[in-house]
Amino acid sequence: MDFDENTEKIIDEDIQGKALDIVNDNANTRKLYIESYGCAMNFSDSEIVASILAKEGFNTTQELSEADLVLVNTCSIREKAELTVRKRLEKFNKVKRTNPKMKVGVLGCMAERLKEKFLEEEKIVDMVVGPDAYKDLPNLIQEVDAGRDAVNVILSKDETYGDIAPVRLQTNGVTAFVSITRGCDNMCTFCVVPFTRGRERSRNPQSIIDEVNDLWNKGFKEITLLGQNVDSYLWYGGGLKKDYDKASDIQKASAVDFAKLLELTALAQPKMRIRFSTSNPQDMTLDVVKVVAKFENICNYIHLPVQSGSNRILKAMNRLHTREEYFELIDNIRKIIPDCAISQDMITGFPTETEDDHKDTLSLMEYVKYDYGFMFAYSERPGTLAARKLEDDVPIDVKKRRLAEVIEVQRKSSLYRTQQHVGKTQEILIEGTSKKSDAHWMGRNSQNTVAVFPKENYMVGDFVNVKINDCTSATLLGEAVGYSKNN
Ligand code: SAH
Ligand code: F3S
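Predicted model only: the values in this text are computed from it and were never measured.

Caption draft 1: Spotlight on the overall build of the protein. Assigned secondary structure in the protein consists of 15 helices and 22 strands. Here the C-alpha radius of gyration of the protein, 22 Å, is about what a compact globule of 487 residues would show, namely 23 Å. In the protein, which comprises 487 residues, the share counted as buried stands at 59%. In the protein, once contacts between residues fewer than 6 apart in sequence are set aside, the share between residues at least 24 apart is 73%. When the accessible surface of the protein is summed, it comes to about 20,200 Å², and 50% of that surface belongs to carbon and sulfur atoms. One finds the centroid of the 66 positive side-chain charges in the protein at a distance of 1 Å from the centroid of its 75 negative side-chain charges.

Listed below in structure tokens is the structure:
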């Protein structure tokens, strides 16, 4: 039997739409169908949106044909992500013929990027709402109910939705996302996120801890602290990260950075597994690495996108570190957390990338031997610095061939990494039934590697010691030998 649970990690597109369903309050009468694309932040935002709309009389449904309101939370990161959404809108258009009461709203990054233009380009769309405007949804829906189009794409200096308790949608009841920062100030030249999600701001640590405590009380066992750039987290009483210099001495003295936040979270719930994503190498401090090493409940896993192994391309991408500095960080992580898993994001065919630059990427990957990665062919995004200043001059077949080579190196190092687990007994948190076999559980070890093993009498949410007997490049195969001490 083929047990590869998550081969989708090693592909060039991560754009998946998922319909979400669970809100069901008997007092509610209207039906909301909500679908999310792109990054974890979008899925997390949809839970905030569902929470806001539950108070407005909406239950969620998975049936498009009965929906009063259809929301699609969109992604702009690559052109293909936008094309996927446009295709879905065509489908909604067809459904509307049999369900004329249905209204359609677009949320997220595409809404922010296209603004009012969306209404002109896609006749089916009634409402366009940017990532910082979800609290305005009740007003916008009133407008739509009155027969008018509605748009709010205002980006905020301080909106973090910290005061909203997300409704957990399509949850396994075990793992959850907790957002901690919004926006990004890094301005990588290929990336649309700083334009669609605005300036960087951090959420009040107390509201983060409250959410984590609440999740623990509801039975969750693992959380992922989420942000475009989590290592840049900085709470000094509110406001933009870039305005920190103007903060008072008192504010600065009591400021909480990411290392401190991780520590506070680990201490608040010592049995909760803690993960975080995403780390930009230029913002990651050794303090963070040391906190990961210090607390057993912080998982030994760091997602550390590098995008390219060539110093010249890193500079053109405005990634503010060199290849050598990246190696130094990797060496330090391996020294401080010897069994730490590391994963990457990589882009092939950035403008001006030569064969030598590409070879630098391959050799960097050989050095790090990542546990896994997310790899993409460069896609020019309108409005970014790269789009404005650099010609998209690497032919698509060259981009794709380089991508295939990058994926092949990754496949080999993924296999090398999973093989290192074989013969060991590891703590696995059970998340659900294996996709490939009803008789097996699927869970993850601290390094975030998927493991499958026969169910026996164990249950979802149990921490189990599993003896790893075999592996593929993406999945560990084993057998349970008892509950772990954390259970
Ligand atoms: N900090 C973010 C990363 C942004 S997008 C996070 O939290 O995940 C995720 C990945 O998409 C990037 O790391 C990059 O590898 C890829 N990406 C971003 N813009 C891209 C583009 N224009 N073309 C191809 N890949 C891109
Ligand atoms: Fe994008 Fe770079 Fe920020 S990849 S999200 S601008 S760290």
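Caption draft 2: Spatial organisation of the domain arrangement of the protein. If you check the domain split of the protein, you get domain 1 (7-152), domain 2 (175-419) and domain 3 (425-483). Opposite the 21 residues of domain 1 that make contact, domain 2 presents 27 residues. Approximately 2,200 Å² of surface area, both sides summed, lies buried where domain 1 meets domain 2, with 61% of it carried by carbon and sulfur atoms. Across the domain 1-domain 2 interface, the total number found is four salt bridges.

Caption draft 3: Fine view of the sheet that holds strand β18 (residues 425-433). Here we have five strands rolled up into a closed barrel, ordered β18-β19-β20-β22-β21, and mixed in their pairing. This sheet shows a mean twist of 55° between the axes of neighbouring strands, independent of strand direction. When β18 meets strand β19 (residues 440-444), the two strands line up antiparallel, connected through four bridges. For Ile 430, the partnering residue across the bridge sits in β19 and is Gly 443. Strands in contact with helix α15 (residues 396-421) are β18, β21 (463-471) and β22 (475-483); relative to β21, the strand with the most contacts, it is inclined by about 125°.

Caption draft 4: Representation of the site of ligand 1 within the structure. The full set close to ligand 1 counts 14 residues, and Gln 228, Thr 278, Gln 307, Asp 345 and Ser 379 are the nearest of them. Contact distances for ligand 1 include 2.6 Å between an oxygen atom and a side-chain N or O atom of Asp 345. Residue Ser 379 places a main-chain N or O atom 2.8 Å away from a nitrogen atom belonging to ligand 1. Breaking the shell around ligand 1 down by element, the ones donating at least two residues are β16 (341-348) and β17 (372-377). Tallied by class, the residues present in the shell around ligand 1 amount to six nonpolar, five polar and three charged.

Caption draft 5: A look at the site of ligand 2. In the vicinity of ligand 2, the contacting residues are Cys 184, Asn 186, Met 187, Cys 188, Phe 190, Cys 191, Val 193, Pro 194, Gln 228, Asn 280 and Arg 319. The residue inventory of the shell around ligand 2, partitioned by class, reads seven nonpolar, three polar and one charged.

Caption draft 6: Up close: helix α13 (residues 355-368). The terminal C-alpha atoms of α13, which comprises 14 residues, lie 20 Å apart, in line with the 20 Å expected from a rise of 1.5 Å per residue. Among the residues of α13, those classed as buried are Asp 357, His 358, Thr 361, Leu 362, Leu 364, Met 365 and Val 368. When α13 is viewed along its axis, its buried side chains cluster within an angular range of 155° and face the same direction. Buried residues in α13 make contact with α11 (311-316), α12 (323-336), β16 and α15. Positive phi appears at Lys 369, one or two residues downstream of α13, with a value of about 50°.

Caption draft 7: Representation of the environment of Glu 222. Note that Glu 222 resides in strand β11 (residues 222-226). As a C-alpha pair, Glu 222 and Thr 175 span 47 residues in sequence and 4.7 Å in three-dimensional space. Beyond its immediate stretch of four places on either side in the chain, Glu 222 contacts Val 174, Thr 175, Ala 176, Met 272, Arg 273, Arg 275 and Leu 429. One polar contact links Glu 222 to Arg 273, side chain to side chain, over a distance of 3.4 Å.

Caption draft 8: Highlighting the nonpolar core. Grouped together as the largest cluster of nonpolar side chains are 51 residues, with contacts concentrated most on Leu 225, Phe 258, Leu 262 and Phe 276. Not counting the four nearest positions on each side in its chain, Leu 262 is found in contact with Leu 225, Ile 274, Phe 276, Val 288, Val 291, Val 292 and Ile 298. Formed by 24 residues, the second largest nonpolar core is a distinct cluster that contains Val 85, Phe 92, Ala 111 and Leu 114.

Caption draft 9: Seen up close, the packing of aromatic side chains. Under the defined criterion, the tally for this structure stands at eight aromatic pairs. Put simply, the rings of Tyr 301, Tyr 372 and Phe 374 pair up and form one aromatic cluster. Here the basic side chain of Lys 252 rests over the ring of Tyr 244, its NZ or CZ set 5.4 Å away from the ring centre. Lying across the ring of Trp 441, Lys 455 places its NZ or CZ 4.4 Å from the centre.

Caption draft 10: The arrangement of helix α2 (residues 79-98) in detail. For α2, spanning 20 residues, the distance from its first C-alpha to its last is 30 Å, which sits close to the expected 28 Å at 1.5 Å a residue. The complete set of buried residues in α2 reads Ala 81, Glu 82, Val 85, Arg 88, Leu 89, Phe 92 and Val 95. The buried residues of α2 occupy an angular sector of 120° when projected down its axis, which confines them to one face. Residues of α2 that are exposed and point more than 90 degrees away from the buried face comprise Lys 87, Glu 90, Lys 94 and Arg 97. Tucked inside the fold, the buried residues of α2 contact β2 (30-36), β4 (69-74), β5 (103-107), α3 (108-114) and α4 (117-121).

Caption draft 11: Here's a closer look at the side chain of Asn 152. You can see Asn 152 is positioned in strand β7 (residues 150-152). Those residues in contact with Asn 152 that lie beyond four places of it in its chain are Val 128, Val 129, Gly 130, Ala 133, Asp 136 and Leu 140.

Caption draft 12: Fine view of the pattern of salt bridges. Per the stated rule, a full pass over the model turns up 33 salt bridges. Its salt-bridge partner being Arg 148, residue Glu 143 comes within 3.0 Å of it at the nearest N-O pair. Arg 148 gets classed as partly exposed once you look at its relative accessible area, which sits at 46%. In this structure, Lys 294 and Glu 263 form a salt bridge, with 3.1 Å as the shortest nitrogen-oxygen distance. Of this pair, Lys 294 sits in helix α10 (residues 286-294) while Glu 263 sits in helix α9 (residues 258-268); the two residues are 31 residues apart in sequence, bridging distant segments of the chain.

Criteria and cut-off values
- Residues numbered from 1 in each chain as written.
- Chains lettered and ligands numbered in written order.
- Predicted model: local features only at pLDDT ≥ 70, side-chain atom pairs only at ≥ 80, totals over all residues.
- Heavy atoms only, no water.
- Helix = DSSP H or I, 4+ residues; strand = E, 2+ residues; numbered from the N terminus.
- Rg over C-alpha atoms; globule rule 2.2 N^0.38 Å.
- Buried < 20%, exposed > 50% of the residue type's maximum accessible area, 1.4 Å probe, protein only.
- Contact = heavy atoms within 4.5 Å.
- Areas by Shrake-Rupley, 256 points an atom, 1.4 Å probe, with all protein chains shown as cover.
- Lys, Arg positive; Asp, Glu negative; His and termini not counted.
- Charge placed at Lys NZ, Arg CZ, Asp CG, Glu CD.
- Domains from an automatic or database assignment.
- Buried area = accessible area lost by both parts, 1.4 Å probe.
- Salt bridge = Lys/Arg side-chain N within 4 Å of Asp/Glu carboxyl O.
- Pairing = 2+ DSSP bridges.
- Axes fitted to C-alpha atoms, helices over the stretch in contact; angles between N-to-C directions.
- Near = heavy atom within 4 Å.
- Polar contact = N/O pair within 3.5 Å; in protein donor to acceptor, adjacent residues only side chain to side chain.
- Nonpolar A, V, L, I, M, F, W, Y, C, P; charged D, E, K, R; others polar.
- Expected span 1.5 Å × (residues − 1).
- Arc of directions from axis to C-beta.
- Core = buried A, V, L, I, M, F, W, Y, C linked by side-chain atoms within 4.5 Å.
- Phe/Tyr/Trp six-rings, centres within 6.5 Å; stacked < 30°, edge-to-face > 60°.
- Lys NZ or Arg CZ within 6 Å of the ring centre and 35° of its normal.

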